[in-house]
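Coordinate analysis (summary)
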Amino acid sequence: GEVLDDVAELLLEIARHLANGRIQYLSVTQSVLLFARLPLFEWLLAGAVRLFGLGMGTLRGVTAVLGTASVVLLYALLRDVSKDRWLALTAALLLAVFPAAVIYSRFGFSYNLLVPLVLTAVWGLARYDLGQKSGLIWAAAAIGLALITDLWALSLLPILLIVVVRRRWRDLAWALPLALLPLGVYTAVSLLTVPAAFWFDWQFTLARVRLPLAAQLQNLALNAVTLLSQSGWLALGIVGLFALQPRRLQRLAWLFLLLPFLVIGRTAALYSLSFYYTIPLLPWAAVGIAALLRFSTARLTAAPRRAAWLLAALL
């Protein structure tokens, strides 16, 4: 608990200085990328600090609002893409009561801002897959904002590339620059104003995630085994994703679950005190369990009575 509070205190300290017109954490000035901090969540928090005052309650209030918005957004996404009201309601309800999601929305982590941005990107790409180019615009914009929220969001760029290349590769000519625009502006401003601090912090941050291939594979295996053995919600959610309908939504769910896991999980622990890295992945556990309940029920009613009782008992 003390370690998690230290992370929250770091964000509050950065937001306090931002509210006063400075970029600083403790004695470090000019750039906070040294602490792997990108600006969007801190800007949002600084605005809340000006309105409601500096305190842990303000920070937790911001992430609680983001958590509530994510529940509503998950319902809207599933209702629109799947056209299945019960699937959407069940997934939203499960995310609202998912113990890990509830607990981590009370902690002040910038990863809570990634959740609505990731869900927006999924929604946009799902609509783009149906032929609506406007969906790609808001998906690229959401990924762009995520890129100036946390370094975690770099794992979303391969997903954008895969979906657009599969659908219409020429759209990459404008979608990729749109997604990179916020990070490009942030980088350009930093290089023009504090080039030495920015380059040092960026090189130091990238050096932290360089590991030999064997160590990366070991980390992935350990993360997978630990997460699945310690979290029944995640394990059931992954099983349920195999039943998710329609298929385009299932493909996107797997992409947004597996690619970030592979990119982040190869260099960082995703369990114990580092479980907060999985915050943007938690909605997929709710979606998977909702799919398991929604579609297995239909299959149970069509199965022979003995098999139905057996499956019901297992569930």
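Please refer to the structure higher up on the page.
Observations concerning the packing of helix α6 (residues 111–129) against helix α7 (residues 133–147)
- In the contact formed by α6 and α7, the axes pass within 7 Å of each other and the chain directions differ by 155°. With respect to their mutual orientation, α6 and α7 come out roughly antiparallel. Of the two elements, α6 crosses α7, and the hand of that crossing is left-handed. For the pair α6 and α7, contact is made by L114, L117, T120, A121, W123, G124, L125, R127 and Y128 and by K133, G135, L136, W138, A139, A142, I143, L145 and A146, respectively.
- Split by residue class, the contact of α6 with α7 holds 13 nonpolar, three polar and two charged.

With respect to a nonpolar patch on the surface
- Taken together, the side chains of L181, V185 and V189 make up a nonpolar region of the molecular surface, amounting to roughly 260 Å² of accessible area.
- Summarising the element assignment, V189 is placed in helix α9 (residues 172–193).
- The class for V189 is partly exposed, based on a relative accessible area of 46%.

What to know about the pattern of salt bridges
- Evaluated as defined, the whole model comprises eight salt bridges.
- Note that D129 is salt-bridged to R248, the shortest N-O span being 3.9 Å. Of this pair, D129 sits in helix α6 while R248 sits in helix α13 (residues 247–265), and the two are 119 residues apart along the sequence.
- The exposure class of D129 is buried, given its relative accessible area of 16%.
- Ionic pairing is found between D171 and K133, a salt bridge with its closest N-O pair at 3.8 Å. On the criterion of sequence distance, the pair formed by D171 in the loop between α8 (157–168) and α9 and K133 in helix α7 is long-range, its members being 38 residues apart.
- Given the relative accessible area of 2%, D171 is considered buried.

Details of the environment of L259
- Residue position: L259 is located in helix α13.
- What makes L259 buried here is its relative accessible area of 19%.
- Spatially, the C-alpha atoms of L259 and L157 are 9.7 Å apart, while their sequence positions differ by 102 residues.
- Not counting chain neighbours up to four residues away, the residues in contact with L259 comprise S155, P158, I159, I162 and W254.

Parameters and conventions
- Residues numbered from 1 in each chain as written.
- Predicted model: local features only at pLDDT ≥ 70, side-chain atom pairs only at ≥ 80, totals over all residues.
- Heavy atoms only, no water.
- Axes fitted to C-alpha atoms, helices over the stretch in contact; angles between N-to-C directions.
- Helix = DSSP H or I, 4+ residues; strand = E, 2+ residues; numbered from the N terminus.
- Parallel < 35°, antiparallel > 145°, perpendicular 65-115°, else oblique.
- Left-handed = near helix turned anticlockwise from the far one by under 90°.
- Contact = heavy atoms within 4.5 Å.
- Nonpolar A, V, L, I, M, F, W, Y, C, P; charged D, E, K, R; others polar.
- Patch = residues over 30% accessible without salt bridge, like charges linked within 9 Å, V, L, I, M, F, W, Y side chains within 5 Å.
- Areas by Shrake-Rupley, 256 points an atom, 1.4 Å probe, with all protein chains shown as cover.
- Salt bridge = Lys/Arg side-chain N within 4 Å of Asp/Glu carboxyl O.
- Buried < 20%, exposed > 50% of the residue type's maximum accessible area, 1.4 Å probe, protein only.

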